[in-house]
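Letter by letter, the chains look like this.
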Amino acid sequence: MMVEIAALYIKNGQEASFESDFKTASQYIRSISGYHAHSLLKCMEQENKYILWVHWEKLEDHTIGFRQSPQYVHWKELLHHYYEPFPVVEHYQEVSLT
């Protein structure tokens, strides 16, 4: 299992619209094979900053399965115009501590 994490900076004053559209867009990411869960966290100190984390089975479920799907086209149409600047997406895997 791996986690995709992105810091999202939303254009000032568009936070409520972004949150509404994100709820709609969530259906598209949920439909992808290898998807486990996702969450959107809003920063308490910076009104227009959010953290998106998505749990995927493997990296390719995100980079190929989602990013090359028709669902991603809908995701982009709903959300990408809110970002300023465009987010950097990073992928993480758990470190075994045993």
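About the thresholds
Numbers given to residues run from 1 along each chain, matching the order in which its sequence is written. Reporting in this predicted model follows two pLDDT cut-offs: at least 70 for local features of residues, and 80 or more for side-chain atom pairs to be given and counted; totals over whole chains, interfaces and linings ignore these cut-offs and use all residues. The basis for every side-chain value is the complete set of non-hydrogen atoms in the structure, without hydrogens or water. Each nonpolar core is a collection of buried residues, namely Ala, Val, Leu, Ile, Met, Phe, Trp, Tyr and Cys, held together in the definition by side-chain atoms within 4.5 Å. Partly exposed describes any residue whose relative accessible area lies between the buried limit of under 20% and the exposed limit of over 50%, with all areas from a 1.4 Å probe on protein chains only and scaled to the type maximum. Helix and strand assignments follow DSSP, with helices taken as H or I runs no shorter than four residues and strands as E runs no shorter than two, numbered in order from the N terminus. Whenever Lys or Arg places a side-chain nitrogen within 4 Å of a carboxyl oxygen from Asp or Glu, that contact is recorded as a salt bridge. Residue contacts follow a heavy-atom distance rule, with two residues in contact if any of their heavy atoms lie within 4.5 Å.

S.K.: Can you walk me through the nonpolar core in this structure?
M.R.: Across soluble globular proteins, nonpolar side chains show a tendency to be buried alongside one another. Counting residues in each nonpolar core, the largest one holds 20 residues, and the members touching the most others are Leu 8, Phe 18, Trp 56 and Trp 75. At the level of secondary structure, the elements contributing two or more residues to this core comprise β1 (2-9), α1 (15-30), β3 (49-56) and α3 (70-79).

S.K.: What's the story with the pattern of salt bridges in this structure? I'm lost.
M.R.: Side chains that differ in charge, positive against negative, can pair when their charged atoms come close. Considering all chains together, one arrives at 3 salt bridges under this definition. Between Glu 19 and Lys 42 there is a salt bridge; the shortest N-O distance is 3.3 Å. Residue Glu 19 is located in helix α1, and its partner Lys 42 is located in strand β2 (residues 35-42); the two are separated by 23 residues in the primary sequence. The partly exposed category is assigned to Glu 19, whose relative accessible area is 29%. The partner of Asp 61 in a salt bridge is Lys 58, with the nearest N and O atoms 3.3 Å apart. Here Asp 61 falls in the buried class, since its relative accessible area comes to 9%. Lys 58 sits in the partly exposed class, given a relative accessible area of 42%. What emerges from the salt-bridge pattern is a single network uniting Glu 19, Lys 42 and Glu 47.

S.K.: Please clarify how the environment of Gly 65 should be interpreted in this entry.
M.R.: Residue placement: Gly 65 occurs in helix α2 (residues 59-66). C-alpha of Gly 65 to C-alpha of Glu 47: the two residues are 18 residues apart in sequence and 32 Å apart in space. Not counting residues up to four positions away in its chain, the partners in contact with Gly 65 are Ile 32 and Glu 60.

Purely geometric numbers; function is a separate question.
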